[in-house]
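One letter stands for each residue in the lines below.
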Amino acid sequence: MQKIFIVGEIHGSKSNTKAIERLVQDLAVKHVLFEWPADWKENIAKKVYSLKDGRIGPEYLVLFPKLQNQGVIIDCIDVAERDWNTNYGDREVVLATNVLNYQKNNQHGNILVVFGRIHARKKSFLLNRKVYTPAGAIIKKNLDLEYIEIKYPGGTIFNFEIKTLPQLKNNRPTFTLLKSRSPYFDYEYWVDTSEPLDIVS
């Protein structure tokens, strides 16, 4: 039976590619969907420096062949680059619709969907004093999913600039699915201390 996993990351960490690679192996994943513009599909390798928000960087050029050698299909499910001004609420609907359409056309093999944390949550939440419904919650209405939050004990990321993550005490094992203590995810997946993606201007 096909399983679908929604993964929430903090964009801009080298640890994300390590986590994705391990999750693909541990969860027998055959499809990985990234929060990258849908019109990148045929030209992903040339886009690794295009987004400065940390969603993609040169580390993914190392990850791609590893996944492809395992027969994993990579696809892009964000709004197209030309539609960059889509407001956030509409963008959540687009992200969710693209995942649902992909699953409808690819019903064999487990699917891993990589979102930023805000999009990956399985429930609505308050954002700027308004109820915000993320893509993960929209998808949940249609499919049986499992939600995984990548957790970082600290370090730095690149998200338009180098940023420092808060230091979190962790005595739980790394690269292991553990029951989540958050109402928005089913599991947490601790990684090593974060280092920023090698994104250059």
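Details of the structure are given in the entry above.
This report concerns the structure included in the present document. (Residues numbered from 1 in each chain as written. Predicted model: local features only at pLDDT ≥ 70, side-chain atom pairs only at ≥ 80, totals over all residues. Heavy atoms only, no water.)

## Notes on the sheet that holds strand β3 (residues 73-78)
One open sheet holds the 7 strands; their spatial order is β3-β2-β4-β1-β7-β11-β10, and the pairing between them is mixed. The two strands at the open ends of the sheet, each matched to only one other strand, are β3 and β10 (177-179). Neighbour-to-neighbour, the strand axes of this sheet turn through a mean angle of 30°, independent of strand direction. Note that strand β7 (residues 145-151) and strand β11 (residues 187-190) share 4 bridges and pair parallel. When the bridges of β11 are listed, Ile148 appears paired with Tyr187. Helix α2 (residues 59-69) rests against β1 (4-9), β2 (29-37) and β3 of the sheet, and its axis sits at about 150° to β2. (Pairing = 2+ DSSP bridges. Helix = DSSP H or I, 4+ residues; strand = E, 2+ residues; numbered from the N terminus. Axes fitted to C-alpha atoms, helices over the stretch in contact; angles between N-to-C directions. Contact = heavy atoms within 4.5 Å.)

## Concerning the layout of surface pockets
Considering only enclosed or pocket space, the second largest pocket measures out at about 180 Å³ in volume. Its residues placed into classes, the lining of the second largest pocket shows 4 nonpolar, 2 polar and 3 charged. (1 Å grid on protein atoms, 1.4 Å probe; cavity = no way out; pocket = protein on both sides within 12 Å on 5 of 7 lines; lining within 4 Å. Points joined across faces, edges and corners; volume = space filled by probe spheres on them. Nonpolar A, V, L, I, M, F, W, Y, C, P; charged D, E, K, R; others polar.)

## Section: the packing of aromatic side chains
Within this structure, the stated rule accounts for 8 aromatic pairs. Where Phe34 meets Tyr60, the ring centres are 5.9 Å apart and the plane angle is 90°; that geometry is what we call edge-to-face. Here Tyr60 lies in helix α2 and Phe34 lies in strand β2, a separation of 26 residues in the sequence. Taking 6.1 Å as the distance between ring centres and 75° as the angle between the ring planes, the aromatic pair formed by Phe125 and Tyr184 counts as edge-to-face. Here the residue Phe125 occupies a position in strand β5 (residues 125-127), and Tyr184 occupies one in the loop between β10 and β11, the gap between them amounting to 59 residues. Relative accessible area serves as the criterion here: at 7%, Phe125 is assigned to the buried category. (Phe/Tyr/Trp six-rings, centres within 6.5 Å; stacked < 30°, edge-to-face > 60°. Buried < 20%, exposed > 50% of the residue type's maximum accessible area, 1.4 Å probe, protein only.)

## Details of the nonpolar core
In terms of nonpolar packing, the biggest core is built from 36 residues, with Val32, Phe34, Trp36, Tyr60 and Leu112 touching the most fellow members. At the level of secondary structure, the elements contributing two or more residues to this core comprise β1, α1 (15-26), β2, α2, β3, β4 (110-116), β7 and β8 (155-158). Counting residues in each nonpolar core, the second largest holds 20 residues, with Ile6, Ile77, Val113 and Ile138 among its members. (Core = buried A, V, L, I, M, F, W, Y, C linked by side-chain atoms within 4.5 Å.)

## Concerning the environment of Asp198
With respect to the helices and strands, the residue Asp198 is situated in the segment after β11. Asp198 sits in the partly exposed class, given a relative accessible area of 42%. Distance in space between the C-alpha atoms of Asp198 and Ser13 is 9.2 Å, their sequence separation being 185 residues. Setting aside residues up to four positions removed in sequence, Asp198 forms contacts with Lys14, Tyr49, Pro58 and Glu59. A distance of 3.4 Å separates a polar atom in the side chain of Asp198 from a polar atom in the side chain of Lys14. (Polar contact = N/O pair within 3.5 Å; in protein donor to acceptor, adjacent residues only side chain to side chain.)

## Let's talk about the pairing of β11
Bridging between β10 and β11 involves 3 bridges; their strand directions are antiparallel. Its bridge partner being in β11, Leu178 is matched across the sheet by Glu188.

## Remarks on empty space enclosed by the protein
Under the definition given, this model contains 1 cavity of 30 Å³ or more. As for the largest cavity, its lining consists of Glu9, His11, Phe34, Glu35, Trp36, Arg55, Tyr60 and Val114. Among the elements that take part in the lining of the largest cavity, β2 stands out by supplying 3 residues, more than any other. Class assignment of the residues belonging to the lining of the largest cavity gives a composition of 4 nonpolar, 1 polar and 3 charged.

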